[in-house]
Amino acid sequence: MPNTTPKSRGLFTTIMGRLSASETLISDRHAESMLVGLLLEADRVEDPAAAWDEVRGELCASWDVEDGPETQRKPFIYRDGVAIIPVHGVLINRFNYCWGYVTGYDFIRRQKNLALADPDVKLIVFDHDSPGGEAAGCDELAREIFQERATKPSMALVNTLSASAGYWLAAASTRIVCAPSGTVGSIGVYIQHMMVGRMLQELGIDMEYVKRGEYKTSGNPYEPLSEKDRAYLQEMVDERYDEFTTSVAEFRGIEESVARDTEARVMRPTEALALGLIDAAVSPANAVSDFLAELGQNEPNDPQENEPMADAPEMTSEQRAAVAAETKARIKGIMTNDAAKGREALAEHLAYNTEMSVNDAVATMSVSPKAEDPAKDEPAKDEPAKDEPAKDEAKSKSNFENAMDTGKNPDIGGSVKGEEGEDKVSTILRDQGLATGRKFATTA
């Protein structure tokens, strides 16, 4: 059998080339770690089939599935009438594998079609953990999933991320369930323009195109974008964005304005549930059995465990729009508050990863230390550090003494011996009075 292994560097270059030259459906907040993983992990892939077997084994362990010998097992992960199909990592077109950090649309399609044709399968579960990926091929696959809901029900189980292209696919399923700690969204599109012309010039390399057709080289990495090029690329982004928001509205049965008003935010389950972007926020352990129970395939679990699966109350488009506007105002209130200055990372966390109100977030930031400037405390290169004696002195003290020395009254407390004629209790009370400004009766 010929070796069909894609060259790892070639795979990474191909993906980066696709993501930088065309419309991209990927959450930039999560993409970096995924792409770094792609670069590092692709080096060790020598056999694509073996790489999928490794991922399959890990998934079987997490789903508590006994996977038999290859001659006996189904092509997809299977348990009690459920086919489990991973949607993991960066999603790309024309790729027929899943290696954990990258999954091809062709892989998802093939597994889905096999599950649809298998009479044992009653439910298809798409196991989501993806920041998104390539725009090409995403809409076509999502349309298939949406249309085939009439054949067999499907569930997008988000554990713990389904963003951009990942969410486009998730929205097409019969039901979306997100883990309480998960995130969904990033309903947006961008084109990344990478400029390497200056680097080539420093190497003594000049790049020039001889072309026919004004837009033939639009977006190339060797030249800055002209105004016409930028407008041309913006039209491409806008068209794909219209397709994305229209599809989400159709798949989820919500107003298109709700999808647009998210402004491509990645959000926690509470907001996503209120906007109609997901159906429930429950643990993955209960999500499948609960849905099967609703479909009449199984007996339900403990009724108390099923309570989170109750349908969210119906909301009008005006109410959903109000929720979106309120959320945007909350995020802006946190990020632009004076308390966020010097605490930008904390502000971003509180704004996007919690449901904390503006007042509570401001209170939290106000009592949190600001990020320190590393250069602020560095001594001049030719000057000795002024605090070296203090450091040596600190080393000779206990942790308690060092902690006390950093307070507003460093000379107060921890006394071993009081003033002449003063017992230990009086010493403590005297020090407490100096620290607090209050008067205490002593035993002396």
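Residues numbered from 1 in each chain as written. Predicted model: local features only at pLDDT ≥ 70, side-chain atom pairs only at ≥ 80, totals over all residues. Heavy atoms only, no water.

## Examining the overall build of the protein chain
Turning to step 1, where the next piece is worked out: A count of helices and strands for the protein chain gives 18 helices and eleven strands.
Turning to step 2, where the next piece is worked out: Going through the 444 residues of the protein chain one by one, you find that 40% of them count as buried.
Turning to step 3, where the next piece is worked out: Within the protein chain, residue pairs in contact and separated by at least 24 positions form 66% of the contacts whose partners lie at least 6 positions apart.
Turning to step 4, where the next piece is worked out: For the protein chain, the exposed surface amounts to about 25100 Å²; the carbon and sulfur share of it is 50%. (Helix = DSSP H or I, 4+ residues; strand = E, 2+ residues; numbered from the N terminus. Buried < 20%, exposed > 50% of the residue type's maximum accessible area, 1.4 Å probe, protein only. Contact = heavy atoms within 4.5 Å. Areas by Shrake-Rupley, 256 points an atom, 1.4 Å probe, with all protein chains shown as cover.)

## Observations concerning unusual backbone geometry
Turning to step 1, where the next piece is worked out: The omega angle of the peptide bond from asparagine 159 to threonine 160 is 15°, so this bond is cis rather than trans.
Turning to step 2, where the next piece is worked out: Structurally, threonine 160 is set in strand E6 (residues 154-163).
Turning to step 3, where the next piece is worked out: Despite not being glycine, aspartate 80 has its phi angle at roughly 50°, a positive value.
Turning to step 4, where the next piece is worked out: As for its placement among the helices and strands, aspartate 80 is situated in the loop between strand E2 (77-79) and strand E3 (82-92).
Turning to step 5, where the next piece is worked out: With a phi angle near 55°, arginine 94 is a residue other than glycine that sits in the positive phi range.
Turning to step 6, where the next piece is worked out: Along the polypeptide, arginine 94 turns up in the loop between E3 and strand E4 (102-104).
Turning to step 7, where the next piece is worked out: A residue is classified by how much of its surface remains accessible, and arginine 94, at 68% relative accessible area, is exposed.

## Some points on a nonpolar patch on the surface
Turning to step 1, where the next piece is worked out: Where nonpolar side chains cluster on the molecular surface, the patch consists of Met199, Leu203 and Ile205 and spans about 310 Å² of accessible area.
Turning to step 2, where the next piece is worked out: Judged by its relative accessible area of 40%, isoleucine 205 is partly exposed. (Patch = residues over 30% accessible without salt bridge, like charges linked within 9 Å, V, L, I, M, F, W, Y side chains within 5 Å. Salt bridge = Lys/Arg side-chain N within 4 Å of Asp/Glu carboxyl O.)

## What to know about the packing of helix H5 (residues 138-147) against helix H8 (residues 227-252)
Turning to step 1, where the next piece is worked out: One can describe the packing of H5 onto H8 by two numbers: an axis separation of 12 Å at closest approach and a directional angle of 10°. It follows that H5 is roughly parallel to H8 by the angle criterion. Residues Asp139, Ala142, Arg143 and Phe146 of H5 lie in contact with H8, whose contacting residues are Ser247, Glu250 and Phe251.
Turning to step 2, where the next piece is worked out: Its residues assigned to classes, the contact of H5 with H8 comprises three nonpolar, one polar and three charged. (Axes fitted to C-alpha atoms, helices over the stretch in contact; angles between N-to-C directions. Parallel < 35°, antiparallel > 145°, perpendicular 65-115°, else oblique. Nonpolar A, V, L, I, M, F, W, Y, C, P; charged D, E, K, R; others polar.)

## Quick look at the environment of alanine 339
Turning to step 1, where the next piece is worked out: Checked against the element boundaries, alanine 339 lands in the loop between helix H13 (317-335) and helix H14 (344-353).
Turning to step 2, where the next piece is worked out: Put simply, alanine 339 and methionine 365 are 26 residues apart on the chain and 5.9 Å apart in space, counted from C-alpha to C-alpha.
Turning to step 3, where the next piece is worked out: Non-local contacts of alanine 339, meaning those with residues more than four positions away in its chain, are made with Val362, Met365 and Ser366.

## A short note on the pairing of E3
Turning to step 1, where the next piece is worked out: A large share of E3 lies buried, amounting to eleven of its eleven residues.
Turning to step 2, where the next piece is worked out: Summarising the sheet, E2 and E3 pair through three bridges and their orientation is antiparallel. Directly across from arginine 79, in E3, lies its bridge partner valine 82.
Turning to step 3, where the next piece is worked out: The hairpin turn running from E2 into E3, its antiparallel successor, is two residues long, and aspartate 80 in that turn takes a positive phi close to 50°. (Pairing = 2+ DSSP bridges.)

## A few points about helix H4 (residues 105-117)
Turning to step 1, where the next piece is worked out: Counted at 1.5 Å a residue, the expected span for H4 with its 13 residues is 18 Å, and the 18 Å between its end C-alpha atoms agrees.
Turning to step 2, where the next piece is worked out: What H4 keeps buried is the set Tyr105, Phe107, Ile108, Arg109, Gln111, Lys112, Ala115 and Leu116.
Turning to step 3, where the next piece is worked out: Considering only its buried residues, H4 is in contact with helix H3 (48-62), E3, E4, strand E5 (123-134), H5 and helix H6 (165-171). (Expected span 1.5 Å × (residues − 1).)

## Thoughts on the side chain of arginine 343
Turning to step 1, where the next piece is worked out: Along the polypeptide, arginine 343 turns up in the loop between H13 and H14.
Turning to step 2, where the next piece is worked out: We note that arginine 343 is buried and unpaired, the nearest opposite charge coming from glutamate 344 at a distance of 8.5 Å.
Turning to step 3, where the next piece is worked out: In this structure arginine 343 touches Met365, Ser366, Ser368, Pro369 and Lys370, once residues within four positions along its chain are discounted. (Lys, Arg positive; Asp, Glu negative; His and termini not counted.)

## As for the pattern of salt bridges
Oppositely charged side chains can form a pair if their charged atoms are brought close together.
Turning to step 1, where the next piece is worked out: Under the definition given, this model contains 20 salt bridges.
Turning to step 2, where the next piece is worked out: Arginine 260 serves as the salt-bridge partner of glutamate 256, at 3.1 Å between the closest nitrogen and oxygen. Taken together, the residues span about one helical turn, with glutamate 256 and arginine 260 both in helix H9 (residues 256-261) at a distance of four residues.
Turning to step 3, where the next piece is worked out: Judged by its relative accessible area of 26%, glutamate 256 falls in the partly exposed class.
Turning to step 4, where the next piece is worked out: By sharing partners, the salt bridges in this structure join Asp106, Arg109, Lys112, Glu144 and Glu148 into a single network.

## Looking at the nonpolar core
Turning to step 1, where the next piece is worked out: By size, the foremost hydrophobic cluster in this structure holds 68 residues, and its most contacted members are Tyr167, Leu169, Leu277 and Val288.
Turning to step 2, where the next piece is worked out: Contact partners of leucine 277, with chain neighbours within four places excluded, come to Tyr167, Ile176, Ile187, Val248, Arg252, Ile254, Thr262, Met267 and Ala272.
Turning to step 3, where the next piece is worked out: Judged by nonpolar contacts, the second largest core, of ten residues, contains Ile334, Ala340, Leu350 and Val362. (Core = buried A, V, L, I, M, F, W, Y, C linked by side-chain atoms within 4.5 Å.)

## Re the confidence of the model for the protein chain
Turning to step 1, where the next piece is worked out: Across the protein chain, pLDDT averages 79, with 69% of residues at or above 70.
Turning to step 2, where the next piece is worked out: Within the protein chain, the lowest mean pLDDT, 40, falls on helix H12 (residues 303-306), and the highest, 98, falls on H6.
Turning to step 3, where the next piece is worked out: Per-residue pLDDT stays below 50 along residues 298-312; that stretch engages in 23 contacts with residues further than four places along the chain or on separate chains.
Turning to step 4, where the next piece is worked out: Segment residues 412-417: pLDDT under 50, and nine contacts once partners within four positions in sequence are set aside and those in other chains are kept. (pLDDT = per-residue confidence, 0-100.)

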